[in-house]
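# Observations on the model geometry
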Amino acid sequence: MSTAFSDESDGLGHEASVVELPRIEPPPDLTISTLGTARITSPMATLLDATRTTEHYISENDRVLLDDTLSGISSRGVVPDQLPGMEPCGPRRKIFFDPAKTRAAIVTCGGLCPGLNDVIAGLVRTLTYHYRVRRVVGIRNGYQGFVPRYGHDVVDLTPESVRDIATDGGTVLGTSRGHQDPDEIVDCLERLHINILFVVGGDGSMRGAMQIARTIADRGLLIAVVGIPKTIDNDIPYIDQSFGFQTAFSLASDAIRAAQVEAKSTANGIGLVKLMGRHSGFIACYAALARSGADAVLIPEVPFALDGEHGLLAHVRRRVSERGHAVVVVAEGAGQELLGGVDEDARDASGNARLQDIGPWLRRRITDHFSDAGIETSIRYIDPSYAIRSVPANPYDSVYCVRLSQAAVHAAMSGRTEMVVGRYRRRFVHIPMGVAVSRRNQVDPHGDLWMAVLESTGQPARFA
């Protein structure tokens, strides 16, 4: 901790207080790359003439501060205009691309997530209605769609063709996982005369987009690459929430409700729900808070022990004894150390280490524990992962997706590149792709969210 001191005495014989300031890590480089000077008057300019920074809007020349506490700002030790800040989203008065000569492409990559079709529709409408770009094309089946050997066609996207797609889950463009050659992708962009590429995907997809942007730069091309981050686990840093997350934890809470009903309907019943969350337990935490029926929540950020007086099994047994039933919620990445750890050499197509399946293993261990104690029980195991990923976005996420897509179009048309759009401290901001994939957003075991979960479930801070 760094320390800020006042004078030694306040003149009344009282010792002066000592203000403890948090140690702040050096800020990341938040500079947004551009393709060059924007010289063309934007079709949106007339809408901006009467705007200024307010509590609900930020002028394009303003900044969103990285720190929002007095101690955080003071610890920087810099004058206000040197404080690290993010560039706000929104239309610019001057744009880089001439709309009449602009062609845009949209690609969706990685796993499914509620809201993908909303993002596609929002991009198409903003590009067409406000900027009147020449052509918008959809790339089929992720990054594979750029590579000739896969044989995927492209599809023209118009407001009419995307009008009703938000009512369906998934993505109308299809998706895929895995690395593709950035040179082949840029070759395709050149053949299609694309000026702007929108990438909708997770951290692996954004790393691929960074390689695409660098290949474009190496060739001296003027093609903007802008990302809309997608992760159902809500694990992207410097973003309040990823799109689809609210839909996901809402449906996950329904699974907890179902598990609780099943558990209460049998003698000594136990409901076990496995939810998404490879490295971050946000869905498990929020779903448990929304339903308030869980007796234990297990997340990757907090290791736990099964055995012993203060272990998970003893806790579940006590709850069953006290209430007649119990409900356990586990994120898919929790407890990997109990299953022998993650094999870093075994990876899926996206490059993620393959996890051991904690759900069935935990079900067996709970069953064996009650059997050894001579207690008859029944366990209802629910894994709703794919059912949640495939549904349409709820109204909140639909609105969020539309606003993200609009922000992405404004950024791209102004010539910004190798960046993503997101919402940080309720503000829509531009974030360099390198910063967006620099680390993983996780539940803080010492933070107020985890404290809220502990208060709701009554479980101990640690199963030790």
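Scroll up for the structure.
Described in the following lines is the structure provided in the data block.

Rules of the game
Position labels on residues start from 1 in each chain and follow its written sequence. The model is predicted, so local features are restricted to residues of pLDDT at least 70 and side-chain atom pairs to those at 80 or more, both for listing and for counting; the totals for chains, interfaces and linings are taken over all residues. Just so you know, side-chain values use all the structure's heavy atoms and leave hydrogens and water out. Lines fitted to C-alpha atoms define the axes, with helix axes restricted to the stretch in contact, and inter-axis angles between N-to-C directions lie between 0 and 180 degrees. Runs of H or I in DSSP of at least four residues are treated as helices and runs of E of at least two as strands, each being numbered from the N terminus. Working definition: roughly parallel below 35 degrees, roughly antiparallel above 145 degrees, roughly perpendicular at 65 to 115 degrees, and oblique for all remaining angles. By definition, any crossing whose near helix is turned counterclockwise from its far helix by less than a right angle is left-handed, and any crossing with a clockwise turn is right-handed. Any pair of residues with heavy atoms lying within 4.5 Å of one another is described as a contacting pair. Each residue gets one of three labels from its accessible area relative to the maximum for its type: buried under 20%, exposed over 50%, partly exposed in between, using a 1.4 Å probe on protein chains only. Each pair of strands is called paired provided DSSP finds at least two bridges between the two strands. Here a Phe, Tyr or Trp ring, Trp counted by its six-membered ring, pairs with any other such ring whose centre lies within 6.5 Å, and the pair is stacked when the planes are under 30 degrees apart, edge-to-face when over 60, and tilted otherwise. Only lysine NZ and arginine CZ atoms are considered, and such an atom sits over a ring when it is within 6 Å of the ring centre and within 35 degrees of the ring normal. For this analysis, a nonpolar core means a set of buried residues of the types Ala, Val, Leu, Ile, Met, Phe, Trp, Tyr and Cys, connected via side-chain atoms within 4.5 Å. Where each domain begins and ends is defined by an automated method or by a domain database.

### As for the packing of helix α8 (residues 312-323) against helix α9 (residues 358-372)
One way to put it is that α8 packs onto α9 with a least axis distance of 10 Å and a crossing angle of 60°. With respect to α9, the element α8 is oriented oblique. Note that α8 runs across α9; the crossing there is right-handed. Residues Leu312, Leu313, Ala314, Val316, Arg317 and Val320 of α8 form the contact with α9, whose own contacting residues are Leu362, Arg365, Ile366, His369 and Phe370.

### Overview of the pairing of strand β13 (residues 269-275)
Across the seven residues of β13, seven count as buried, placing the element largely inside the fold. Across the two faces of β13 the burial is the same, with Gly269, Gly271, Val273 and Leu275 and Ile270, Leu272 and Lys274 all buried. When β13 meets strand β15 (residues 325-331), the two strands line up parallel, connected through seven bridges. For glycine 271, the partnering residue across the bridge sits in β15 and is valine 327.

### A look at the packing of aromatic side chains
This structure, assessed with the given rule, holds seven aromatic pairs. Cluster of aromatic residues (ring-pair linked, three or more members): Phe245, Phe249 and Tyr286. Here arginine 423 stacks its cationic end above the ring of tyrosine 400, 4.6 Å away from the centre of that ring.

### Observations concerning the sheet that holds strand β16 (residues 378-382)
Strand order in the open sheet formed by four strands is β14-β15-β13-β16, with parallel pairing between adjacent strands. This sheet does not close on itself; its edge strands, each paired only once, are β14 (296-298) and β16. Neighbour-to-neighbour, the strand axes of this sheet turn through a mean angle of 15°, independent of strand direction. Docked against the sheet, helix α7 (residues 282-291) engages β13, β14 and β15, running at close to 135° with respect to β13.

### A few points about the nonpolar core
Counting residues in hydrophobic clusters, the biggest one holds 111 residues, and the most contacted among them are Phe198, Ile228 and Phe243. Sorting elements by how many residues they give to this core places helix α11 (residues 395-413) first, with nine residues. When residues of this core are assigned to domains, at least three map to each of domain 1 (85-242 + 393-424) and domain 2 (245-389 + 445-457).

### Considerations on the sheet that holds strand β18 (residues 419-424)
Taken in spatial order, the seven strands of this open sheet run β10-β9-β8-β11-β12-β18-β19, and their pairing is mixed. With one partner strand each, in any of the chains shown, β10 (154-156) and β19 (427-432) form the two edges of the open sheet. Going from strand to strand, the sheet's axes swing by 25° on average, the running direction of each strand aside. Where strand β12 (residues 224-229) lies against β18, two bridges are found, and the strand directions are parallel. Pairing of glycine 227 across the sheet is with valine 420, part of β18.

### Some thoughts on unusual backbone geometry
For histidine 193, which is not glycine, the phi torsion reads 60° and is therefore positive. Checked against the element boundaries, histidine 193 lands in the loop between α4 (182-191) and β11 (196-201). A residue is classified by how much of its surface remains accessible, and histidine 193, at 55% relative accessible area, is exposed.

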